[in-house]
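A closer look at the structure
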Amino acid sequence: MKFLRLLLILFVLPTFAQQGGMWIPSLLKGMNETEMKNLGMKITAEDIYSANKSSLKDAVPQFNGGCTAEMISSKGLLLTNHHCGFDAIQNQSSLEHDYLTNGFWAYKMDEELPNKDLYVTFIVRIEDVTTKVLEGVASIASEAEKQKKIQENIATLSKTLPKESWQENQIRTFYDGNQYLLFVVENFKDVRLVGAPPSSIGKFGSDTDNWVWPRHTGDFSLFRVYADKNGRPAEYSKDNIPYTPKHFFPISIKGIQENDFTMVMGYPGRTQEYLPSYAVDQIMTTIDPARIEIRNHALKVQDGFMRKDNAIKIQYAAKYASTANYWKKWIGEVKGLKKSNALGAKQKFEKEFTDKIAKAGKQAEYGNLLADFKTNYEAITPYALAREYATEIFLRNSNMDLLNFGYKLYQLEQVYNTKGEQAFNDRKTNLVNAFEGFYKEFNPTVDKAIFEQVINLYVTKSPKQFLPNSLNNINSSELASDIYKNTKLTSYEGLKELMNGDAKSVIEKINQDKGYILAKSIAEAYEKNVLPKFNELNLKNIASQRTYMKAIMELSPKSARIFPDANSTLRVTYGKVKGYKPSDAVTYSSMTYLDGVMEKYVPGDYEFDVPKKLIELYNNKDYGQYADKNGKVPVAFIATNHTTGGNSGSPALDANGNLIGCNFDRVWEGTMSDIYYSPEICRNIMVDARYILFIIDKYAGAKNIIDELKIVKQTPTKKK
Ligand code: ARG
Ligand code: ASP
């Protein structure tokens, strides 16, 4: 009996023990290969990353610094999300050629559209450079000096470590400063638009369905990477030739099922999986709720105007979508953290951690860590909250613009004070250019209404002791009227007027503008009362976190396999196709179909309209080779891959390394996976490759694209 139990544990455990993780491709062999094979993978770690031969990693570039993409033909054809290509598609669009609304397809290579500033980054190789980066650091006592030395070392090494002239060295920290890896990369700058479905397919469901399962979005677009005649990166030229990648993915249309192995490769941006409970508590109870509340107000005002006025709807569409994206994510995050009892799990972990320290006799080194965290997180909370308010209200232009515009001018004034006239003029020119775009998405009436609400939140909710005198005892609606009536910052003309003249006169003028005066007083109070203390305490947390990470790695059993937090470098995550139970009595299956698109169809709706051609194809069951065994066209599916922002556009691969989908989102209940991954409710969402091909082939009729692909129809009989 005992033996049987043991056997069971041995065989069953590896398949269920999978707890998320974003792994470094060059280290899979030692860390993950066995588990991946147990989960069903048929290829080897060496097939995924090899220093010597072509491997899967050669087909996975980062897309424009933020998303991920994959190569799908020998002629440089690239697949990513519609929402990753959105800016490029938008920039190519005009009233006569509205590619966002109608889609775009190049039926010949010379119809492809070049894109200014769009680039993709391929990794040539990865090397550990920890010792080099940390040279001369250990003997430095002050944390700030330590960080400075590390930055200096990184700058020097990036210049001196061997690479070809057309390549770039990037050094990134892993495990909170305990490991440093070098990435030798190539940036390709001639990337042309090949295909994009209409938004009613590529953005189907829009904000209502964002972060939601079941999902029916065909979130994909196609580009082509061009190189010079030697196959190397080059600026756009009509003489460039399609890039031949060292590897491209065959696309499998065999179909997938619940529990099939899947793997996602990509560039996840940022996770915080090793925070102490105090930090998680702060996010859950202080930071996220503040952000959510501010955006609640901003979004409600925007929505009110957008519903009444079509011009405002268009003007604010992008702003609304980007504000709403993380607003919705944070709501899901808090819910998920609570539901999965992340705090309890962290506290339990910390208890065990304390015992391990005692057992290992490491009190001197690690004994104070948790107590330090507790003190520090308590001390930093008001500063962190004030910083969050500042970020939402004026440091970043997401909610309301006026104070952010003022803040940008405040920075300009600082440039003059610290760097002089020439730097001021350069900055001013750039700003004036950039402002032209900002004002296109700015409406003073909407902004004023948001200002009124948000400034009220600021004075009532952000810690009072840090606020400037200018906000003492204000009536937000009177303040709003006064400011918006008297400032020149409400129009581009007004701004240009303020910016006209030499540095001295510009600074004199802005310092008489009511909007600027208010923004400056808020910024100054923030920089004086909040930032220095925040930075001081934060530096302590950074140092503690580095030591904590080191201790966790040291004191965990080898089998624990600790992955480094995401840092926008290439990672591999793997899991299984799997549905989930978001709540009592509710179960979601893992696959959606074209039938579901039709169920959600609302004629003329800006989120749920369906193109006529797609309805025809559906009515005629004209699915070509892209339907499943039951004659249905799959649209999207979910799996247990651990992904985050930046993984959008990532290739979803089957056990043989064939492309089965393109990653684009996560389920709402599991968005806390950035802080705490729960295998029960964390799922990534992918467009099914068959839907992508169906749209290209049947909807767009772009046979030229289909002909370029390597489509896998039968189970490949790969011999071992
Ligand atoms: N939630 C996804 C991500 O974080 C998709 C965002 C784009 N879609 C949208 N409706 N805003 O990027
Ligand atoms: N939608 C995200 C992205 O754009 C992916 C995610 O957060 O799951 O990268």
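Residues numbered from 1 in each chain as written. Chains lettered and ligands numbered in written order. Predicted model: local features only at pLDDT ≥ 70, side-chain atom pairs only at ≥ 80, totals over all residues. Heavy atoms only, no water.

1. Some words on the overall build of the protein chain
Helix and strand counts for the protein chain come out as 27 helices and 23 strands. Taken over C-alpha atoms, the radius of gyration comes to 27 Å for the protein chain, in line with the 27 Å a tight globule of 720 residues would show. Viewed in the frame of its principal axes, the protein chain has a C-alpha envelope of about 75 × 75 × 60 Å. Counting every position in the protein chain, which comprises 720 residues, the buried fraction comes to 55%. Just so you have it, the protein chain exposes about 31,700 Å², and 52% of that area is on carbon and sulfur atoms. Charge centroids of the protein chain, computed over 92 positive and 85 negative side chains, lie 5 Å from each other. (Helix = DSSP H or I, 4+ residues; strand = E, 2+ residues; numbered from the N terminus. Rg over C-alpha atoms; globule rule 2.2 N^0.38 Å. Buried < 20%, exposed > 50% of the residue type's maximum accessible area, 1.4 Å probe, protein only. Areas by Shrake-Rupley, 256 points an atom, 1.4 Å probe, with all protein chains shown as cover. Lys, Arg positive; Asp, Glu negative; His and termini not counted. Charge placed at Lys NZ, Arg CZ, Asp CG, Glu CD.)

2. Side note on the packing of aromatic side chains
Under the definition given, this model contains 34 aromatic pairs. Each ring, one from Trp23 and one from Phe563, has its centre 5.7 Å from the other, and the planes form 65°; the classification is edge-to-face. Of this pair, Trp23 sits in the loop between helix H1 (2–16) and helix H2 (28–31) while Phe563 sits in the loop between helix H23 (531–555) and strand E15 (571–576), and the two are 540 residues apart along the sequence. Per residue, the accessibility class of Trp23 equals that of Phe563, and both read buried. Ring centres 5.0 Å apart and planes at 85° place the aromatic pair Phe405 and Phe435 in the edge-to-face group. Here Phe405 is found in helix H16 (residues 402–419), whereas its partner Phe435 is found in helix H17 (residues 421–440), with 30 residues between them in sequence. Of the two residues, Phe405 and Phe435, both sit in the buried class. When the ring centre of Phe305 is taken as reference, the NZ or CZ atom of Lys308 above it lies at 5.3 Å. Geometry around Tyr618 places Lys621 over its ring, the cationic atom sitting 4.4 Å from the centre. (Phe/Tyr/Trp six-rings, centres within 6.5 Å; stacked < 30°, edge-to-face > 60°. Lys NZ or Arg CZ within 6 Å of the ring centre and 35° of its normal.)

3. Quick notes on the side chain of Glu186
Among the secondary structure elements, Glu186 is positioned in strand E9 (residues 179–188). Buried charge without a salt bridge: Glu186, with Lys246 as the nearest opposite-charge side chain at an N-O distance of 5.4 Å. Looking at Glu186, its side chain comes within polar contact range of the side chain of Gln167, at 2.9 Å. Setting aside anything within four residues of it in sequence, one finds Glu186 in contact with Val120, Thr121, Phe122, Val124, Trp166, Gln167 and Pro233. (Salt bridge = Lys/Arg side-chain N within 4 Å of Asp/Glu carboxyl O. Polar contact = N/O pair within 3.5 Å; in protein donor to acceptor, adjacent residues only side chain to side chain. Contact = heavy atoms within 4.5 Å.)

4. Overview of the site of ligand 1
In the vicinity of ligand 1, the residues found are His83, Ser206, Asp207, Asn210, Trp211, Asn325, Phe664 and Asp665. Interatomic distance of 3.4 Å between a backbone N/O atom of Ser206 and a nitrogen atom of ligand 1. Contacts to ligand 1 include Asn210, whose side-chain N or O atom sits 2.7 Å from a nitrogen atom. Burial of ligand 1 by the surrounding chains reaches 85%, relative to a free accessible area of 340 Å². Residue assignment for the shell around ligand 1 shows that the elements contributing at least two residues are helix H10 (206–209) and strand E21 (659–666). Its residues assigned to classes, the shell around ligand 1 comprises two nonpolar, four polar and two charged. (Near = heavy atom within 4 Å. Nonpolar A, V, L, I, M, F, W, Y, C, P; charged D, E, K, R; others polar.)

5. A short note on the confidence of the model for the protein chain
For the protein chain, per-residue confidence averages 94 on the pLDDT scale, and residues scoring 70 or more make up 97% of the total. Predicted confidence for residues 1–17 stays below pLDDT 50, and this span has seven contacts to residues more than four positions away or in other chains. (pLDDT = per-residue confidence, 0-100.)

6. Comments concerning the site of ligand 2
Taken together, His83, Trp211, Thr644, Gly645, Gly646, Asn647, Ser648, Phe664, Asp665 and Arg666 are the residues near ligand 2. Between a nitrogen atom of ligand 2 and a main-chain N or O atom of Phe664, the distance comes to 3.0 Å. Its free accessible area being 270 Å², ligand 2 has 89% of it covered by the protein chains. If you tally residues by element for the shell around ligand 2, the top one is E21, at three residues. Its residues assigned to classes, the shell around ligand 2 shows two nonpolar, six polar and two charged.

7. Some words on the side chain of Ser673
Tracing the backbone shows Ser673 in the loop between E21 and strand E22 (684–688). At 3.0 Å, the side chain of Ser673 and the side chain of Arg666 are in polar contact. Those residues in contact with Ser673, other than ones at most four positions away along the chain, are Glu273, His642, Thr643, Arg666 and Cys682.

8. A closer look at unusual backbone geometry
Note that the residue after Trp213, namely Pro214, is joined by a cis bond; omega there is 0°. When you line up the elements, Pro214 lands in the loop between H10 and strand E11 (221–227). A positive phi angle is found at Asn259, which is not glycine, with a value near 80°. Secondary-structure assignment places Asn259 in the loop between strand E13 (251–252) and strand E14 (261–266).

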